[in-house]
Amino acid sequence: QVQLVESGGGLVQTGDSLRLSCVASGSIRRINAMGWYRQAPGKQRELVAGFTSGGDTNYADSVKGRFTISRGNAENTVYLQMNSLKPEDTAVYYCKARVVVRTTIFEGDYWGQGTQVTVSS
């Protein structure tokens, strides 16, 4: 019913930048929240940056000042600008959206397939 597609990952060097994109599509009545998570090998998935339902942004302490989340002109698109990348940023980055599906009043969480970001030292 709802699909999230991420793009923009890749292999970069320490200090480089990358911009991730996520587009949500499908039977969407409303997107209440949208954000980026990441999961490194052997670690739990963690929030990187996100928009709350109130439109506020929040960031993991480890990325504050380096990463910026933004929305596209359409509310179904979100970006993650990552600057000054470090090897510890290496992970699979996932987009998540909290969506109210058409014909319902209930919201649910939907995930993209993930995009690999690898930062070499």
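Before going into details, it helps to say that this report is about the structure given with it.

Conventions used here
- Residues numbered from 1 in each chain as written.
- Predicted model: local features only at pLDDT ≥ 70, side-chain atom pairs only at ≥ 80, totals over all residues.
- Heavy atoms only, no water.
- Core = buried A, V, L, I, M, F, W, Y, C linked by side-chain atoms within 4.5 Å.
- Buried < 20%, exposed > 50% of the residue type's maximum accessible area, 1.4 Å probe, protein only.
- Helix = DSSP H or I, 4+ residues; strand = E, 2+ residues; numbered from the N terminus.
- Contact = heavy atoms within 4.5 Å.
- Phe/Tyr/Trp six-rings, centres within 6.5 Å; stacked < 30°, edge-to-face > 60°.

It is worth spelling out the nonpolar core at this point. Of all hydrophobic cores here, the largest spans 31 residues; its most connected members are Met 34, Trp 36, Leu 80, Met 82 and Tyr 93. For this core, the secondary structure elements donating two or more residues are β1 (2-7), β3 (18-26), β4 (28-39), β5 (46-51), β7 (67-71), β8 (77-82), β9 (91-101) and β11 (115-120). Here the element with the most residues in this core is β9; it accounts for six residues. Every residue in contact with Tyr 93, bar those within four places of it in the chain, is listed here: Glu 6, Leu 20, Trp 36, Tyr 37, Arg 38, Val 48, Phe 67, Leu 80, Met 82, Gly 114, Thr 115 and Val 117.

The next point concerns the side chain of Ser 21. Of note, Ser 21 is situated in strand β3. Those residues in contact with Ser 21 that sit more than four places away from it in its chain are Val 5, Glu 6, Ser 7, Trp 36, Val 78 and Tyr 79.

Turning to the packing of aromatic side chains, a few remarks are in order. Applying the stated criterion to the full structure yields two aromatic pairs. The interplanar angle of 65° and the centroid separation of 5.0 Å between the aromatic rings of Tyr 37 and Trp 111 together place this pair among those described as edge-to-face. Taken together, the residues Tyr 37 in strand β4 and Trp 111 in strand β10 (residues 107-111) connect sequence positions 74 residues apart. A residue is classified by how much of its surface remains accessible, and Tyr 37, at 18% relative accessible area, is buried. Classification of Trp 111 by relative accessible area gives partly exposed; the value is 37%. Summarising the aromatic geometry, the rings of Tyr 94 and Trp 111 are spaced 6.4 Å apart at their centres and angled 85° between planes, so their arrangement reads as edge-to-face. With a gap of 17 residues between them, Tyr 94 in strand β9 and Trp 111 in strand β10 connect regions that are remote in the sequence. Note on Tyr 94: relative accessible area 14%, which makes it buried.

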